[in-house]
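Coordinate analysis (summary)
This is what each chain is made of:
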Amino acid sequence: MSELSNNYFVSVAEIAAKLDQATRIAQQLSLTASNARAVALRAGERAAGFRPLTDFIDRLAEITIKSSRKINKLAANLSQTSADKVRADSAIAHFKVVFVKAKDSEFISSLDEVHQRSLTRQAKLDFSYRRQIDRLSDELEMLSSELRNAVILATLSRVEASQAGTQYQDALINVADNVEGAASKIKEHIHYSQQMVSTLEEY
Amino acid sequence: MKTHKLFENNSHTWLMFGRDDEKPEQIIDTNQYIVISNKNALLMDPGGIELFSAMLSAVIKQLPADKITHLFASHQDPDIISSLGLWDQALPSATLHSPWIWESFIKHFGMNNISYSAIPDEGSSLKIDQVTLDFIPAHYLHSSGNFNVYDKEAKILMSGDIGAALETVDAPLFVEDFDEHIDKMKMFHQRWMPSNEAKNDWVKRVRKLDIEMMCPQHGRIFKGDNVKRFLDWFEALEVGLIAKAKAQE
Ligand SMILES: [Fe+2]
Ligand SMILES: [Fe+2]
């Protein structure tokens, strides 16, 4: 039992760590957005089409950061629930041993109430554990689909960059590359977390 | 886990649990004690998490679980109280009496139901039914916040780690030949106890108590004259020095 519990503790912690990395990348993305805005401003009329794109980059960064925070909180709750669950599971396992070892004791029934209470608690914790995993899973899915927009955004950025003139073209293409790179890294972390979540669902 | 009756009168009984031959190896053997009065009971130094089911099984053979209304932890060590998270599920309405300095530490073992009654540095008393039990300061012996339990009616001092000996699980319950026993206690007291001053102060106070049995958390119980022998020996022993403990081995 303890090996299994160790596994889900570790999984929850790994999810939290991955999302922490995702948050940091998203923060860089938001920096990219302000750089892009500055370049677009200097490029003037020729980069007019680029300006609204910087707002989209900003929004994407913001959504990622917000969602990562939320997921981190969910992961922390999940970790607390798993700790409580391990305790409840362990108490029940110990009670079971006592029911065997002291089965002939005239006082053995004095444990019935606390045993029942632990079983109820275990059931409750099981339920909230599953619910928290579902929410975590939904949130990851949401963020993942949000990130699909990044690819479109990068493509549009490249198109706009090519019209900004040679002086600014490289800088703006660089912005597009950054957006795409950041999004794919975040996606990787999310994908990894989703796999972790699916192993949690098995318990 | 064996159960041994140490004292019994109209108002209460003292039991000792220990010599657990099923305990995993490499875990120090511990003695647990319980005072059972008419309607309540105090379980002292209930032990490590590894021992919990053996302990609860032994206890449930003697009394109903919900009669244990009080727990006592002399200090914060894992062999004393790491089972708390499980007792917390088994005895949700019990009160744990323990040194105030360890409250926020001991709670790391898991305490959601049991309530914590912090014993002040100068000690306090607990009355269960007709029985009064005194929490006697024994700080720095070895833990910096540490108490013994004294029952003047039964003349029993539960001395925690003081008087502890490192022995096998088949060791007798009582010290027979004191001089022979010294070897099993000496290193423990020299290495684990940090302060001669605290030790001598404790000896001075405990000498004034009427003690028939001194019951440590590890090893054997001191009875009758062996209590005085222990106090004399302990007073003369120099503690708190690794080098000395090694040199005298
Ligand atoms: Fe200790
Ligand atoms: Fe100990």
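In what follows, the structure referred to is the one given above.
Thresholds applied
- Residues numbered from 1 in each chain as written.
- Chains lettered and ligands numbered in written order.
- Predicted model: local features only at pLDDT ≥ 70, side-chain atom pairs only at ≥ 80, totals over all residues.
- Heavy atoms only, no water.
- Helix = DSSP H or I, 4+ residues; strand = E, 2+ residues; numbered from the N terminus.
- Rg over C-alpha atoms; globule rule 2.2 N^0.38 Å.
- Buried < 20%, exposed > 50% of the residue type's maximum accessible area, 1.4 Å probe, protein only.
- Contact = heavy atoms within 4.5 Å.
- Areas by Shrake-Rupley, 256 points an atom, 1.4 Å probe, with all protein chains shown as cover.
- Lys, Arg positive; Asp, Glu negative; His and termini not counted.
- Charge placed at Lys NZ, Arg CZ, Asp CG, Glu CD.
- Donors = N, O, S within 2.8 Å, 3.2 Å for Na, K, Ca; no water.
- Tetrahedral: all angles 85-135°; square planar, octahedral: opposite > 155°, others 65-115°.
- Patch = residues over 30% accessible without salt bridge, like charges linked within 9 Å, V, L, I, M, F, W, Y side chains within 5 Å.
- Salt bridge = Lys/Arg side-chain N within 4 Å of Asp/Glu carboxyl O.
- Pairing = 2+ DSSP bridges.
- Axes fitted to C-alpha atoms, helices over the stretch in contact; angles between N-to-C directions.

Moving on, we come to the overall build of chain A. When you go through chain A residue by residue, the secondary structure sums to four helices and zero strands. The linear arrangement of helices and strands in chain A, starting from the amino end, is α-α-α-α. Relative to the globule expectation of 17 Å for 203 residues, the C-alpha radius of gyration of chain A, 25 Å, shows a markedly less compact shape. Seen through its C-alpha atoms, chain A measures out along the principal axes to roughly 90 × 25 × 20 Å. Considering chain A as a whole, with its 203 residues, one finds that 43% of them fall into the buried category. Sequence separation of 24 or more characterises 83% of the internal contacts of chain A that already satisfy a separation of 6 or more. Within the structure as shown, chain A displays about 10800 Å² of accessible surface, and the carbon and sulfur contribution to it stands at 52%. Once the 26 positive and 26 negative side-chain charges of chain A are each reduced to a mean point, those two points are 4 Å apart.

To continue, consider the environment of A:I65. Looking at the secondary structure, you find A:I65 in helix α2 (residues 51-101). For the pair formed by A:I65 and A:A171, sequence separation is 106 residues and the distance between their alpha carbons is 25 Å.

What follows is about the coordination of the iron ion (ligand 1). Residue and element names in this part refer to chain B. The protein atoms donating to the iron ion (ligand 1) are H75 (NE2), D77 (OD), H142 (NE2) and D161 (OD), with metal-donor distances spanning 2.0 to 2.2 Å. Seen from the iron ion (ligand 1), its four donor atoms lie at angles of 85 to 170 degrees, and the figure they make is irregular. All donors of the iron ion (ligand 1) come from a single chain, and their spacing in sequence reads H-x1-D-x64-H-x18-D.

It is worth spelling out the coordination of the iron ion (ligand 2) at this point. Around a metal, the ideal angle is 109.5 degrees if four donors adopt a tetrahedral arrangement and 90 or 180 degrees if six donors adopt an octahedral arrangement. Residue and element names in this part refer to chain B. Taken together, D79 (OD), D161 (OD), Q217 (OE1) and H218 (NE2) make up the full set of protein donors to the iron ion (ligand 2), lying 2.2 to 2.3 Å away. Classification of the site at the iron ion (ligand 2) as irregular follows from its four donor atoms and the range of 80 to 170 degrees in their angles at the metal. Written as a sequence motif, the donor arrangement for the iron ion (ligand 2) is D-x81-D-x55-Q-H. Taken as an interatomic distance, the gap from the iron ion (ligand 2) to the iron ion (ligand 1) is 3.4 Å; D161 donates to each of them. With D79 in helix α2 (residues 78-81) and D161 in the loop between β11 (156-160) and α5 (178-192), this pair connects stretches of sequence that are 82 residues apart.

On the surface, B:E176, B:D177, B:D179, B:E180 and B:D183 cluster together into a negatively charged patch. When you line up the elements, B:E180 lands in helix α5.

All names here are of chain B. Read from one edge to the other, the open sheet built from seven strands follows the order β1-β2-β3-β4-β5-β6-β7, with strand pairing classed as mixed. Bordering the open sheet on either side are β1 (2-8) and β7 (115-119), each of which pairs with just one other strand. Taking the axes of each pair of neighbouring strands and ignoring which way they run, one obtains an average angle of 20 degrees across the sheet. Relative to β7, strand β6 (residues 95-99) is paired through five bridges, and the arrangement is parallel. In the sheet register, L96 faces β7, and the bridge partner there is Y116.

Counted under the stated rule, the structure contains 21 salt bridges over all chains. For A:D177, the salt bridge goes to A:R158, with nearest N and O atoms at 3.0 Å. Taken as a pair, A:D177 in helix α4 (residues 166-200) and A:R158 in helix α3 (residues 112-162) lie far apart in primary sequence, 19 residues in all. With relative accessibility at 38%, the residue A:D177 sits in the partly exposed group. Residue classification places A:R158 among the partly exposed residues on the basis of a relative accessible area of 29%. Note that B:R207 and B:D232 form a salt bridge whose closest N and O atoms lie 2.9 Å from each other. Of this pair, B:R207 sits in helix α6 (residues 196-207) while B:D232 sits in helix α7 (residues 225-236), and the two are 25 residues apart along the sequence. Here the salt bridges share partners, and the residues they tie into one network are B:R207, B:K228, B:D232 and B:E235.

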